[in-house]
Structures are given as structure tokens and as C-alpha cells.
Amino acid sequence: MADPTMLLAVGLSLGLFLLLLIGVSVYFLWRRCGQRQYQEMVTMIAPFPACTTPILLTNHRPRYRPDEIPFFLPPRFKPTLRSEEREEEGRKDLSNTHRGSLTVESWYPVGSVRAGLYWVPDVSEVSPPPGRAVQLCFSVAYRHDNEQLYVSLLCLRNLPTCFYSNDTLAELRLLPDDRRRHKARARCRGRDPEFNDSFVFQVSGVCVSESVLSVCVLSVDRGGRHHAVGRVLFPIEGELGEGGRLLWRDLETKDEMQCSGLGDIQVSLNYSPSLQRLTVVILRARSLQIHTDTGMCFQVSLQIHTRVVKSRRTPVVSSGPDPGFNHKMTFKLRPSQLDQTSLTLELIGSGLTPVGVVVLGPFMYARGPQLQHWTDMVNTPNELVKQWHGLGKPT
């Protein structure tokens with residue numbers, strides 16, 4: 001009689017051998033099925049050779065403008081809406097089809113690419129004007145068909161030495177009624193940073209001749225503090241063509257923005273929409289050409305349309321070329337009234353008669369730096385916006 005231990009060992013060996021045989025059979029069957037399915041998927045979409053001949057629109061009327069590039073999808077990416085069309089395309093033999101010999105009808109039109117959006121003028125075409133002032137190079141073009149203004153910001157020249165190691169930013173606005181800001185960051189640092197950015201403003205042909213392009217250049221140090229380098233105000237002219245104009249303009253620096261024969265005043269503005277409060281801070285004056293024995297003060301009047309709503313005065317200070325005021329005053333003002341409101345700052349001398357005046361407000365009341373200051377205040381709520389303004393003669 002056989003040993004039971006031997007019988008058990010033989011049975012286990014036969015069982016393991018059968019399991020191994022079944023596993024090998026299943027593995028080879030799975031590999032054969034996978035290769036056959038993969039070959040079928042590969043043959044369904046045949047690769048296209050390299051394109052050797054251009055596709056010409058010979059059978060269709062041109063639907064695109066000369067400055068537009070038509071964009072098409074190959075036939076295998078063409079969307080179909082009916083199952084019959086899918087079956088018909090599935091039966092086609094694409095193995096011998098040459099990509100360059102496909103007809104226009106078999107290509108699916110998607111749209112067009114506006115080449116003008118990607119055109120950047122060559123700065124070397126126009127040399128910068130002589131001088132040591134900080135100069136901005138930009139291009140402006142207006143298209144009447146879609147009523148769009150294209151602005152290409154190219155580069156800066158003669159940046160001050162103290163800004164060489166900082167990042168350079170530029171803020172573009174189209175005054176008076178476009179409060180959207182476009183920002184550009186220079187691609188390099190140093191004396192002549194480059195931007196090479198393009199922007200689009202939507203403005204009607206009626207209003208384009210009344211618009212002013214504002215470009216403010218800022219320098220950002222490592223601590224994140226912004227320093228004003230200068231500004232360019234460019235009135236948009238109605239004769240601008242689609243070809244664009246390459247322009248060089250000197251930046252108005254912080255000290256050159258205001259140069260008045262009567263003197264300058266530094267004002268800080270802040271508006272809080274949640275509190276509906278307008279804050280005006282009269283900081284100081286410089287280079288005043290007004291001499292009185294009784295002292296001087298500033299009177300700030302808040303005007304809505306043609307009606308003076310409220311007036312406030314600073315304390316009287318002694319006369320001198322550079323007096324300091326540092327006086328804050330607040331006015332109640334709703335956000336809906338910002339476009340109809342102006343601030344009149346009058347320098348009061350002896351005899352309580354105004355000897356100098358500055359008007360800050362929207363396009364209805366102000367232009368140039370005064371308009372820019374008001375726009376900056378509206379676009380940056382809850383932040384103090386400080387700027388110098390030249391005093392004008394009262395009318």
C-alpha cells in the first residue's frame with residue numbers, strides 16, 4: 001500500500017502543473033487578442049504624409065479679408081452630425097490619400113486668424129529722438145470696421161539709474177470714459193526695458209477723436225513699493241489709419257508734470273464706496289509766487305453739476321514759498337454721483353479773494369493731470385492717491 005504522504009505530494013504537483021498550464025494559455029490568448037485589436041485601431045486612421053503642395057481656394061469665393069489668415073481642420077477631425085456620414089467616412093480608404101492633394105471641400109473651416117493682432121512694429125525702423133529724457137515707444141492704429149483701437153507698447157529709453165534693478169510696469173487707460181486698465185510688465189531690467197505687448201480698446205468712431213491714451217510708467221522695487229516714473233498723455237487723432245503709427249514720446253516725470261507760474265499744490269484723494277465718503281487731504285504747496293501779510297489757506301468746494309454742495313477750508317498758515325497744510329476734510333458722496341462731481345481747490349490770500357485755483361474731476365470738468373488724478377481715485381477705492389497740481393489763475 002502506497003504511503004499517503006507520497007500520494008498527497010503527487011496530487012499537489014499535478015494540481016500546480018495544471019494551474020500553471022492554464023495561466024500560460026490565458027496569457028498567450030490575451031496577447032493575441034490585444035495585438036489584433038491594436039492593429040485594427042491603427043489601420044482605421046492612416047497617417048498623412050508631409051504637406052508638399054499648398055491648399056488653394058480655387059472653388060470658393062474668398063470670404064476673408066486680406067489681413068486675415070483662414071484656418072481649417074483636416075478631414076479626420078471634421079465634425080459630423082449624422083450617423084450615415086460617420087459610416088461613409090469609415091468606409092473610405094485613407095491609406096493612399098496625400099495631405100497636399102486634398103480638395104478644399106473636404107477641409108472643415110473653423111475661422112480666421114487676425115494677423116494684425118500679432119504684429120509688433122520694428123523699433124529699429126524709427127530711431128528715438130535725441131535727448132536724455134525718458135522716452136516711450138508705442139504704436140497706435142484704429143480699425144473703423146470693428147471700431148477697435150490697437151495699442152502696441154514697445155520699449156522705454158533712458159530710464160533713471162535708480163530704477164535699473166526694479167521691475168517696470170505700465171498702466172494704459174483710454175480716457176475719459178474707459179475705466180478698464182491694461183497692465184504690461186517689462187521683459188527685462190536696466191536702462192532700456194522692453195514690453196512688446198499689444199492691447200485692444202473698444203471705442204466708437206465718433207468718440208475716438210475725443211479720447212486720450214494715458215500710459216503711466218511705474219517702477220516696483222523688491223519690497224513691492226510702486227514709484228512713479230512718468231506719464232504720457234496722447235490725444236487720439238481721427239486720421240489714424242489701420243497701418244498704425246510708431247511714436248516716440250517723452251515721459252512727463254513727477255517733477256515736470258506740474259510747472260505753474262503761481263506754484264504747485266500736493267493733494268491726496270481717497271474714496272470709500274462702502275462708506276460713501278470722499279476724503280481730501282491738502283498736504284503742502286511749493287514755489288508759491290503769492291506773498292500776503294495775513295497768511296493763506298485753501299478752500300475746497302464740492303460741486304455736483306453746477307451746484308456747490310459743500311465748502312470747507314484749511315487752517316490759515318503763514319505765507320511763504322513752501323507752506324505746509326496737512327489738513328484732512330471729508331465729504332458725503334454716493335458712487336452714482338462720481339461722474340457728475342468736481343472738486344474746486346482755491347488758494348485764498350489777503351482780502352478773502354482766490355489767487356489760485358485747481359479743478360479736479362471727471363472728463364466733464366477736468367483734463368490732463370487733474371482728470372488722471374480723479375480717475376486713479378475712482379479706480380483704486382479705499383487707497384490714498386497723492387499727486388502734485390499746478391495752480392491756475394482764477395476766472
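Residues numbered from 1 in each chain as written. Predicted model: local features only at pLDDT ≥ 70, side-chain atom pairs only at ≥ 80, totals over all residues. Heavy atoms only, no water.

Under an unreviewed UniProt entry, the name given to the protein is Synaptotagmin XV, and the source organism is Oncorhynchus kisutch. As its UniProt record puts it under Sequence similarities (unreviewed entry), the protein is described as follows: "Belongs to the synaptotagmin family." (UniProt positions renumbered as here; feature names shortened; annotations may be inferred.)

Chemist: Sorry, what's going on with the overall build of the protein here?
Modeler: If you tally the helices and strands in the protein, you get three helices and 18 strands. Counting every position in the protein, which comprises 395 residues, the buried fraction comes to 39%. Taking contacts inside the protein between residues at least 6 apart in sequence as the whole, the part at least 24 apart equals 66%. (Helix = DSSP H or I, 4+ residues; strand = E, 2+ residues; numbered from the N terminus. Buried < 20%, exposed > 50% of the residue type's maximum accessible area, 1.4 Å probe, protein only. Contact = heavy atoms within 4.5 Å.)

Chemist: What exactly am I supposed to notice about the environment of Ala133 here?
Modeler: Here Ala133 is to be found in the loop between β2 (108-114) and β3 (135-143). Beyond its immediate stretch of four places on either side in the chain, Ala133 contacts Arg157, Asn158 and Asp250.

Chemist: Where do I start with the layout of surface pockets in this structure?
Modeler: Gaps left between atoms show up when a probe the size of a water molecule is rolled over them. In this structure, the largest pocket encloses a volume near 820 Å³. Those elements that place two or more of their residues in the lining of the largest pocket are β5 (167-175), β6 (178-185), β8 (212-220), β9 (226-235), α3 (368-379) and β18 (385-390). Among the elements that line the lining of the largest pocket, the one with the most residues is β9, at five residues. Of the residues that constitute the lining of the largest pocket, the class distribution is nine nonpolar, seven polar and nine charged. (1 Å grid on protein atoms, 1.4 Å probe; cavity = no way out; pocket = protein on both sides within 12 Å on 5 of 7 lines; lining within 4 Å. Points joined across faces, edges and corners; volume = space filled by probe spheres on them. Nonpolar A, V, L, I, M, F, W, Y, C, P; charged D, E, K, R; others polar.)

Chemist: How should the side chain of Asp376 be read in this particular structure?
Modeler: For Asp376, the position within the fold is in helix α3. Overall, the relative accessible area of 14% leaves Asp376 in the buried class. Not counting residues within four places of it along the chain, the set of residues in contact with Asp376 comprises Arg173 and Val385.

Chemist: How should α3 be read in this particular structure?
Modeler: It helps to recall that an α-helix has 3.6 residues per turn; residues three or four apart then point in one direction. With 12 residues, α3 ought to run about 16 Å at 1.5 Å a step, and its terminal C-alpha atoms sit 16 Å apart, in line with that. Most of α3 sits inside the fold, with 11 of its 12 residues counted as buried. Taken as a whole, α3 has its buried residues at Pro369, Gln370, Leu371, Gln372, His373, Trp374, Thr375, Asp376, Met377, Val378 and Asn379. (Expected span 1.5 Å × (residues − 1).)

Chemist: I keep staring at the nonpolar core and nothing clicks. Help me out?
Modeler: The tendency in soluble globular proteins is for nonpolar side chains to be buried side by side. Ranked by size, the top nonpolar core spans 31 residues in total, and within it Leu278, Val280, Ile282, Leu343, Leu345 and Trp374 carry the most contacts. Of all the secondary structure elements, the ones that give two or more residues to this core are β11 (264-272), β12 (277-286), β13 (297-304), β15 (324-332), β16 (341-348), β17 (354-360) and α3. Not counting residues within four places of it along the chain, the set of residues in contact with Leu343 comprises Leu269, Leu278, Val280, Val300, Ser301, Leu302, Phe331, Val358, Val359, Leu360 and Trp374. Within the second largest apolar cluster, 30 residues are counted, among which are Phe163, Leu174, Val208 and Phe234. (Core = buried A, V, L, I, M, F, W, Y, C linked by side-chain atoms within 4.5 Å.)

Chemist: Explanation requested: the environment of Phe234 in the structure shown.
Modeler: Inspection of the secondary structure puts Phe234 in strand β9. Sequence spacing of Phe234 and Leu174 is 60 residues, and the spatial spacing of their C-alpha atoms is 9.6 Å. Residue contacts for Phe234: discarding those within four places in its chain leaves Phe138, Val140, Ser211, Val212, Leu213, Leu247 and Arg249.

Chemist: What exactly am I supposed to notice about the pattern of salt bridges here?
Modeler: Pairing is possible between side chains that carry opposite charge, provided their charged atoms lie close to one another. This model, assessed by the stated rule, comprises seven salt bridges. Glu171 is paired through a salt bridge with Arg173; the nearest N and O atoms lie 3.7 Å apart. For Glu171, a relative accessible area of 13% gives the class buried. Its salt-bridge partner being Asp197, residue Arg187 comes within 2.9 Å of it at the nearest N-O pair. In this pair, Arg187 sits in the loop between β6 and β7 (194-202) while Asp197 sits in strand β7, placing the two residues 10 residues apart along the sequence. (Salt bridge = Lys/Arg side-chain N within 4 Å of Asp/Glu carboxyl O.)

Chemist: I keep staring at the packing of aromatic side chains and nothing clicks. Help me out?
Modeler: Within a pair of aromatic rings, the relevant descriptors are the distance that separates the centres and the angle that separates the planes. Considering all chains together, one arrives at four aromatic pairs under this definition. Each ring, one from Tyr27 and one from Phe28, has its centre 5.7 Å from the other, and the planes form 70°; the classification is edge-to-face. Residues Phe138 and Phe234 carry aromatic rings whose centres are separated by 5.6 Å and whose planes lie at 75° to one another, so their mutual orientation is edge-to-face. Linking Phe138 in strand β3 with Phe234 in strand β9, this pair joins segments that are 96 residues apart in sequence. (Phe/Tyr/Trp six-rings, centres within 6.5 Å; stacked < 30°, edge-to-face > 60°.)

Chemist: Looking at this structure, I do not really get the side chain of His389. What am I missing?
Modeler: As for its position among the elements, His389 is in strand β18. Here the side chain of His389 touches Gln370 through a polar contact of 3.5 Å, side chain to side chain. In this structure the side chain of His389 is engaged in a polar contact, spanning 2.7 Å, whose partner is the side chain of His373. (Polar contact = N/O pair within 3.5 Å; in protein donor to acceptor, adjacent residues only side chain to side chain.)

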